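These are the residues of each chain, in order.
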Amino acid sequence: MSLIIKICGLKTPETLEAAIAAGVDWVAFNFFTKSPRFVSYTEASTLSHIAKGRVEIVALVVDPSDDELDEMVETVRPDRLQLHGHETPDRVASIRARYDRPVVKAIGIAEAADLETARTYSSAADWLLLDAKPPKNAILPGGNGVAFDWHLLAGLDLQKPFMVSGGLDPSNVGQAIAISHPAGVDVSSGVESAPGVKDPAKIQAFIEAARAAS
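What counts, and where the lines are drawn
- Residue indices follow the written sequence of each chain, beginning from 1 at its first position.
- Where local features are concerned, this predicted model is filtered to residues with pLDDT of at least 70; where side-chain atom pairs are given and counted, the filter is 80 or more; whole-chain, interface and lining totals use all residues.
- To obtain the side-chain values, all non-hydrogen atoms of the structure were used and water was disregarded.
- By definition, a salt bridge exists where a carboxyl oxygen of Asp or Glu is found within 4 Å of a side-chain nitrogen of Lys or Arg.
- Helix and strand definitions here come from DSSP, where helices need a minimum of 4 consecutive H or I residues and strands a minimum of 2 consecutive E residues; each element is numbered from the N-terminal end.
- For each residue, the accessible area found with a 1.4 Å probe, counting protein chains only, is set against the maximum for its type, and the residue is called buried under 20%, exposed over 50%, and partly exposed in between.
- By the criterion applied in these results, polar contacts are pairs of N or O atoms within 3.5 Å in which, for protein atoms, one can donate a hydrogen and the other can accept it, and in which residues neighboring in sequence qualify only through two side-chain atoms.
- In this description, contact between two residues means that some pair of their heavy atoms is separated by no more than 4.5 Å.
- Two strands pair under a simple rule: DSSP has to find at least two bridges between them.
- With the strands aimed away from the viewer, a crossover counts as right-handed if its path from the first strand over the helix to the second runs clockwise.

Caption draft 1: Representation of the pattern of salt bridges within the structure. Here the structure, examined in full by the defined rule, presents 15 salt bridges. Here Lys 6 makes a salt bridge to Asp 186, at a shortest N to O gap of 2.5 Å. Placement of Lys 6 in strand E1 (residues 4–8) and of Asp 186 in strand E8 (residues 184–187) is noted, with a sequence separation of 180 residues between them. The exposure class assigned to Lys 6 is buried, which follows from its relative accessible area of 1%. The partner of Asp 79 in a salt bridge is Lys 52, and the shortest N-O contact between them spans 3.2 Å. Here the residue Asp 79 occupies a position in the loop between helix H3 (66–76) and strand E4 (80–83), and Lys 52 occupies one in the loop between helix H2 (41–51) and strand E3 (56–61), the gap between them amounting to 27 residues. Beyond isolated ion pairs, a larger network of salt bridges with shared partners links Asp 66, Asp 70, Arg 91 and Arg 98.

Written as structure tokens, this is what we have:
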């Protein structure tokens, strides 16, 4: 399987088109209201129409209720759901069954013990997204521009494909791939000129660097 490259937190048609033109595989829309990358369901629906059939559309949600998911799925019609909160394995499995869509579960990683937590989700999720644990008192569960020790992932087998996230940018994504050998990489703040503002040149540089490394 070729490396999957995901750009998270796209907000405008212009940057979405730039990501697609650069060869991104998955694009994610962020529905966490406290994030500078937040978009409404209506805004995401417009973006989804641009992306549909060209790339995979991922909806990033944090501890959502069924009512919230019902509305989002109906309006945005994503291809995949990314759960970035404190959802339990049972909750992940329930959401996957309810919406009949592949689920990506984000797990915060800071030390080897956190990989055991990741293993508990292997039977419930389709993909695992291994993200740096947020700093203490951080508002955002992800997108903090913080990396973790990728050597923790060397030789890792979680029985499901995993994606590396957290602190990646065009200058270090090649190193992350070489060390951890992931099935995918995910970037948000690492391709921005300011919080929530994606930079088309950085998007292209990131994708080129990831492709070269894989």
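Still to come is the rest of the account.
Caption draft 2: Broad picture of the side chain of Glu 87. Of note, Glu 87 is situated in the loop between E4 and helix H4 (89–99). On the accessibility criterion, Glu 87 (3% relative accessible area) is buried. Of the polar contacts made by the side chain of Glu 87, one reaches the side chain of Lys 105; its length is 3.3 Å. Not counting residues within four places of it along the chain, the set of residues in contact with Glu 87 comprises Val 61, Val 62, Asp 63, Pro 64, Val 92, Lys 105 and Tyr 121.

Caption draft 3: Quick peek at the pairing of strand E5 (residues 103–109). With 6 of its 7 residues buried, E5 lies for the most part within the structure. Alignment of E4 against E5, held across 3 bridges, turns out to be parallel. Note that in E5 the partner of Gln 82 across the bridge is Val 104. In terms of strand pairing, E5 meets strand E6 (residues 127–132) through 6 bridges, oriented parallel. Counterpart to Gly 108 in the pairing with E6 is Asp 131. Handedness of the E5-helix H5 (residues 113–119)-E6 crossover: right-handed.

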